[in-house]
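Here is how the chains run, residue by residue.
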Amino acid sequence: MFKKLALLAALCLPFAMAHGQGLADRPITLIVNVPPGGSSDALARLTATVLGGQLNRSIVVENVTGAGGLVGMQKFLRAPADGSTLLFINQSLVILPYLHPKSAYSPLTDVEPIGVVAKVPMVLSVSNAGGVKSLASLIDTMKKSPGKVNFGSGGPGTTAHLAEALFLKLADVQGEMIQYRGSGPALSDLMAGTIDAVIDQTVTMLPLHKDGRVRAIAVTGGTRLPQHPEIPTFAESGLPGFDLIIWNGVVAPKGTPPELTAKLASALTAAISSPGVQSRLSSLAAQAPADNEKGPAHFRRLIMQDNERVADLAKSGAFASTAGAAGK
């Protein structure tokens, strides 16, 4: 997956010296609070390559896992606000405080948004071992046998956890959530037929669907994916309220100087605007942000919007009702 990433960095070099000024003269650490191999990790490594080219800095990806991503989040929150440590994050930023009330951080005030890298649709896939071939048939099965269908999740606080909790609420069905330590093991069990369903990002789901190892039955978003037009949207399949699109972006520690935040944001915008990066994102069925979706202000609004969504889910008990079996 990453063989061509070094070439993408070269596309960004003309801007490197201008954007690199003001940063600590040492490699930058990009913390990723999920294990290697998943969709967030893949996008983080792409970001490290192209952003490092813009800044004329080496960016080292560090996977810091544990407690559903909370350990990596806490390490990031202790980092100095000098641009030497950044965090690649998705909606787990706003989920974790509701799952761990004693974590003592606020997604609204304790990070400095830099910018969105990619927006990624979610895909609901089922095991080939079952007879489910559509979203309607899955929901019908779950209504007839409450609690019998199990969903694999990459762990508490992950985007899959959020997606599956939201799905169960909107579809008004019951299911068992099985928590894994990362999406990789969950997808392995889905392919083996050990679990029934997984909702995860296109980056990891679509290659398995293309190879016939799982069956993708619905995708979020207003239109079908150009890469896989055979997969209907949730709206087409009778669940229009399930519109969750996962954002992936970069944040800096609270207190990072505004001028440094602005330089990082400018470099990130230039990096993800290159044709090579946009083509790579498209190949992963990820969406590069539009011009009006780039930069700290838009990213802050996304964080605020999803914080409200997660707060409503937490109040309804949706997370508690999908706690499921112990992690694997």
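All of these numbers come straight from a predicted model, not from anything done at the bench.

### Thoughts on the overall build of the chain
- Helix and strand counts for the chain stand at 13 helices and nine strands.
- By the burial criterion, 55% of the 328 residues in the chain qualify as buried.
- Taking the contacts inside the chain whose residues are at least 6 apart along the sequence as the reference set, 79% of them involve residues at least 24 apart.
- Working note: accessible area of the chain is about 13200 Å², and carbon and sulfur atoms make up 55% of it.

### What to know about the pairing of strand β6 (residues 176-179)
- Where strand β5 (residues 150-153) meets β6, four bridges bridge the pair, whose relative direction is parallel. Bridge pairing in β6 places glycine 152 opposite isoleucine 178.
- For the handedness criterion, the β-α-β arrangement of β5, helix α7 (residues 159-171) and β6 is classed as right-handed.

### Here's the deal with the packing of aromatic side chains
- Counted by the stated rule, this structure contains four aromatic pairs.
- Judged by centre distance (4.5 Å) and plane angle (50°), the ring pair of phenylalanine 234 and phenylalanine 242 falls under tilted. Across this residue pair, the class does not change: phenylalanine 234 and phenylalanine 242 are buried.
- Among the aromatic residues, those joined into a cluster by ring pairs are Phe151, Phe167, Phe234 and Phe242.

### Here we look at the nonpolar core
- Ranked by internal contacts, the top residues of the largest apolar core, which has 50 residues, are Leu124, Leu138, Phe151 and Phe167.
- Looking at this core element by element, the count peaks at seven residues for α7.
- If we skip the residues at most four places from it in the chain, phenylalanine 151 touches Leu124, Leu138, Met142, Glu164, Phe167, Leu168, Glu176, Met177, Ile178, Ala197, Val198 and Ile199.

### Considering the packing of helix α5 (residues 92-99) against helix α12 (residues 296-316)
- With their axes 9 Å apart at the nearest point, α5 and α12 run at an angle of 35° to one another. In terms of crossing hand, the pair formed by α5 and α12 is right-handed. Of the residues in α12, those in contact with Leu93, Val94, Ile95 and Tyr98 of α5 are Ile303, Asp306, Asn307, Val310, Ala311 and Ala314.

### Comments concerning unusual backbone geometry
- The backbone of asparagine 56 shows a phi angle near 55°, a positive value even though the residue is not glycine.
- Following the sequence through the fold, asparagine 56 ends up in the loop between α3 (39-55) and β2 (59-63).
- Judged by relative accessible area, which is 42%, asparagine 56 ranks as partly exposed.
- Even without being glycine, aspartate 172 reaches a positive phi, approximately 55°.
- By the element assignment, aspartate 172 lies in the loop between α7 and β6.

### Topic: the pattern of salt bridges
- Applying the stated rule across the entire model yields 12 salt bridges.
- Linking arginine 45 and aspartate 41 is a salt bridge whose minimum nitrogen-to-oxygen distance equals 3.0 Å. On the criterion of helical spacing, the pair formed by arginine 45 and aspartate 41 is a turn pair, its members being four residues apart in helix α3.
- The buried category is assigned to aspartate 41, whose relative accessible area is 3%.
- Look at the salt bridges and you will find they share partners, linking Asp243, Asp306 and Arg309 into a network.

### Details of the pairing of strand β9 (residues 245-253)
- Among the nine residues of β9, eight are classified as buried, and the element is accordingly described as predominantly covered.
- Here three bridges tie strand β3 (residues 85-89) to β9, and the two strands are oriented antiparallel to one another. Its bridge partner being in β9, phenylalanine 88 is matched across the sheet by valine 250.
- Two elements, strand β4 (residues 111-126) and β9, share nine bridges in a ladder whose sense is antiparallel. For lysine 119, the partnering residue across the bridge sits in β9 and is tryptophan 247.

### Looking at α5
- Of all eight residues making up α5, six are buried, and the element is well covered by its neighbours.
- Taken together, the buried positions of α5 are occupied by Ser92, Leu93, Val94, Ile95, Leu96 and Pro97.

### Notes on the environment of serine 183
- Mapped onto the secondary structure, serine 183 falls in helix α8 (residues 183-192).
- Sequence-wise, serine 183 and glutamine 201 are 18 residues apart; in three dimensions their C-alpha atoms are separated by 9.9 Å.

### A few points about the packing of α7 against α12
- The geometry of α7 relative to α12 is characterised by a closest axis approach of 11 Å and an angle of 60° between their N-to-C directions. Judged by the inter-axis angle, α7 sits oblique to α12. For the element pair α7 and α12, the recorded crossing hand is left-handed. Contacts from Leu162, Ala165, Leu166 and Lys169 of α7 reach α12 at Arg309, Val310, Asp312, Leu313 and Ser316.

Cut-off values and rules
- Each chain has its residues counted from 1, running along the sequence as written.
- Local features are withheld for residues below a pLDDT of 70 in this predicted model, meaning they are given only at 70 or higher, and side-chain atom pairs are given and counted only at 80 or more; totals for whole chains, interfaces and linings count all residues.
- Excluding hydrogens and water, the side-chain values take into account all heavy atoms of the structure.
- Helix numbers and strand numbers start at the N terminus; a helix is a DSSP run of H or I with at least 4 residues, a strand a run of E with at least 2.
- Whether a residue is buried, partly exposed or exposed follows from its accessible area with a 1.4 Å probe, protein chains only, as a fraction of its type maximum: under 20%, in between, or over 50%, in that order.
- The contact rule is simple, with two residues in contact once any of their heavy atoms fall within 4.5 Å.
- For accessible areas, the Shrake-Rupley method is used with a probe of radius 1.4 Å. Any residue's cover is judged against the shown protein chains and nothing else.
- When DSSP finds at least two bridges between two strands, those strands are taken to pair.
- The definition of a right-handed crossover adopted here requires that, viewed with the strands pointing away, the path from the first strand over the helix to the second runs clockwise.
- Put simply, two rings from Phe, Tyr or Trp (the six-membered ring, in Trp's case) pair if the centres are within 6.5 Å, and we call them stacked under 30 degrees between planes, edge-to-face over 60, tilted for the rest.
- Buried Ala, Val, Leu, Ile, Met, Phe, Trp, Tyr and Cys residues form a nonpolar core when they are joined through side-chain atoms within 4.5 Å.
- To get an axis, a line is fitted to the C-alpha atoms, and for a helix only the part in contact is used. The angle between two axes follows their N-to-C directions and goes from 0 to 180 degrees.
- Throughout, a crossing is termed right-handed when the near helix is turned clockwise from the far one, and left-handed when it is turned anticlockwise from it by less than a right angle.
- Salt bridges are identified by distance alone: a Lys or Arg side-chain nitrogen within 4 Å of an Asp or Glu carboxyl oxygen.
- The labels follow the angle: roughly parallel below 35 degrees, roughly antiparallel above 145, roughly perpendicular from 65 to 115, and oblique for the rest.

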